[in-house]
Amino acid sequence: MIIVYHGTDGGRLHLAVRHLTARFGEKHPGSAGPARLDLEQAGHGDALEQALRNRSFFNEPSLVIVRNAFAGDASAELAHRLLEDGNTARAGDTVLVIREDRSEKDLAKASRKLWKLLNGQAKQTRSFEPLTGAKLTAWMKEYCAERGCTLDAAACALLQAGAGTDSWNLVHEMDKLCAWKGSGTLGADAVRAVGVPVRQEAHIFALTDALAGRDKRGSLRELERHRAQGADPHYLLSMYAFAVRNLLAVKDLSERGLAPAAIASRAKLHPFVVKKTLGASRRFTPAELAGIHGWLVHADRATKRGVRDAGDALYDFVLSVL
């Protein structure tokens, strides 16, 4: 049996695969744990072929979770070859889960042949794209209800204002709330009591975007704004280092010939981040990025040892290094 889970909402997608794995374990308590295969990794294609062709001596059911079937032409051709001749039908109680952190449009573009095959063979296909509005609120309430808590409208609004609409962030905050409350209604007072960090992503993106664009004036303006708002200079240094590290990883992998989807998987970055970073990385050479990252690492160590002021290091970085 084939199940296809895909989409760009990584948090809900991860939860769905985890829930499916748990249900499989409850239904088949004597089975081995799931086999997790990545078709970009050497030997994992052979392991998938063995899992599909060979049944257990005791006919035990098995769960196989496959990632990156659409990462490149080679992996897509491999997956298509293994699935097109009905191997899954001969694999008895094998449940094959194809998990892809990409949209349907992106998957069809990556390999229309494999996507068409999976659509014809899959017993279930689920798409996980980011939720907004009433759908996001309904999902949040359902998530808390499964944990014995009732999330009211005011708490939903406060959570979204503080943690954003990314499901990973929301799951983290809702888990904290439900663990603190135990059971009962979660209102705005509970959200305030537990303390949800104020969302800063939009401002931080502006800060790192100016860096990626080699915009010295814009970088200085954003830095001044953050310092005026009381941002921790050590935190800002870490954000600069994070942005440069992403630039370095994306540039290195792209120069090795990897497709954007494969870069996202290998670097563990969201596809949207990879798309933005690919363009920015062309403004730097690998040596420049390595040097900038090294400077930030040394500056971070010096500020934490107390031999250098973190605020001075930030301005030195923007004015002299960037």
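A brief report on the enclosed structure follows. Note that the structure is predicted; figures quoted are calculated from it, not measured. (Residues numbered from 1 in each chain as written. Predicted model: local features only at pLDDT ≥ 70, side-chain atom pairs only at ≥ 80, totals over all residues. Heavy atoms only, no water.)

**Comments concerning the environment of glycine 218**
Within the secondary structure, glycine 218 is located in helix α12 (residues 216–228). Remark: the alpha-carbon pair of glycine 218 and proline 260, spanning 42 residues in sequence, is separated by 28 Å. (Helix = DSSP H or I, 4+ residues; strand = E, 2+ residues; numbered from the N terminus.)

**Section: helix α16 (residues 286–305)**
Here α16 is 20 residues long and its end C-alpha atoms lie 29 Å apart, about the 28 Å a rise of 1.5 Å per residue gives. Of the positions making up α16, those classed as buried are Leu289, Ile292, His293, Leu296, Ala299, Ala302 and Thr303. Along its buried surface, α16 packs onto α13 (233–255) and α17 (310–321). (Expected span 1.5 Å × (residues − 1). Buried < 20%, exposed > 50% of the residue type's maximum accessible area, 1.4 Å probe, protein only. Contact = heavy atoms within 4.5 Å.)

**So, the nonpolar core**
Counting residues in each nonpolar core, the largest one holds 24 residues, and the members touching the most others are Ile2, Leu48, Val66, Leu96, Leu114 and Leu118. Looking at this core, the elements that each hand over two or more residues are β1 (2–6), α2 (44–53), β3 (62–67), α3 (73–84), β4 (94–100), α5 (104–110) and α6 (112–121). Leaving out residues up to four positions away in the same chain, leucine 48 has contacts with Leu37, Leu39, Val64, Val66, Leu82 and Leu96. (Core = buried A, V, L, I, M, F, W, Y, C linked by side-chain atoms within 4.5 Å.)

**As for the side chain of arginine 12**
By secondary structure assignment, the location of arginine 12 is in helix α1 (residues 10–27). Engagement of the side chain of arginine 12 in a polar contact is seen with the side chain of aspartate 9, the distance being 3.0 Å. Looking at arginine 12, its side chain comes within polar contact range of the main-chain oxygen of glutamate 129, at 2.8 Å. Aside from chain neighbours lying at most four places away, what touches arginine 12 is Phe128, Glu129, Leu131, Trp139 and Ser167. (Polar contact = N/O pair within 3.5 Å; in protein donor to acceptor, adjacent residues only side chain to side chain.)

**Considering the pairing of β3**
Across four bridges, strand β2 (residues 35–38) lies against β3 in parallel orientation. Within β3, the position partnered with leucine 37 by the bridge is valine 66. In terms of strand pairing, β3 meets β4 through six bridges, oriented parallel. Paired with leucine 63 across the strands is valine 95, a residue of β4. (Pairing = 2+ DSSP bridges.)

**Describing the packing of α13 against helix α15 (residues 271–281)**
Where α13 meets α15, the closest approach of the two axes is 9 Å, and the angle between their N-to-C directions is 80 degrees. Between α13 and α15, the interaxial angle falls into the category roughly perpendicular. In contact with Asn246, Leu247, Val250, Lys251 and Ser254 of α13, α15 contributes Val274, Thr277, Leu278, Ala280 and Ser281. The residue inventory of the contact of α13 with α15, partitioned by class, reads five nonpolar, four polar and one charged. (Axes fitted to C-alpha atoms, helices over the stretch in contact; angles between N-to-C directions. Parallel < 35°, antiparallel > 145°, perpendicular 65-115°, else oblique. Nonpolar A, V, L, I, M, F, W, Y, C, P; charged D, E, K, R; others polar.)

**Quick notes on the pattern of salt bridges**
The tally for this structure, following the rule as stated, stands at 15 salt bridges. Arginine 256 is the partner of aspartate 252 in a salt bridge, and the nearest nitrogen-oxygen pair spans 2.9 Å. Each of the salt bridges in this network shares a partner with another, and the network as a whole consists of Arg67, Arg99 and Asp101. (Salt bridge = Lys/Arg side-chain N within 4 Å of Asp/Glu carboxyl O.)

**Some remarks on the sheet that holds β2**
Spatially, five strands are ordered β2-β3-β4-β1-β5 in an open sheet, and the strand pairing comes out parallel. The open sheet is flanked by β2 and β5 (124–127), the only strands paired with a single partner. Sheet twist, expressed as the average angle between the axes of neighbouring strands with direction ignored, equals 15 degrees. Bridge analysis of β1 against β5 gives four bridges, and the strand direction is parallel. Its bridge partner being in β5, histidine 6 is matched across the sheet by serine 127.

**Comments concerning the packing of aromatic side chains**
Enumeration according to the criterion identifies five aromatic pairs in this entry. Centre to centre, the rings of tyrosine 5 and phenylalanine 128 are 5.5 Å apart; their planes meet at 70 degrees, and the pair counts as edge-to-face. Of this pair, tyrosine 5 sits in strand β1 while phenylalanine 128 sits in the loop between β5 and α7 (133–145); the two residues are 123 residues apart in sequence, bridging distant segments of the chain. Across the pair, exposure class does not vary: tyrosine 5 and phenylalanine 128 are buried alike. Ring-pair connections join several aromatic residues into one group, and the members of that group are Tyr240, Trp295 and Phe317. We note arginine 126 situated over the ring of tyrosine 5; from NZ or CZ to the ring centre the distance is 5.5 Å. Geometry around tyrosine 143 places arginine 147 over its ring, the cationic atom sitting 3.5 Å from the centre. (Phe/Tyr/Trp six-rings, centres within 6.5 Å; stacked < 30°, edge-to-face > 60°. Lys NZ or Arg CZ within 6 Å of the ring centre and 35° of its normal.)

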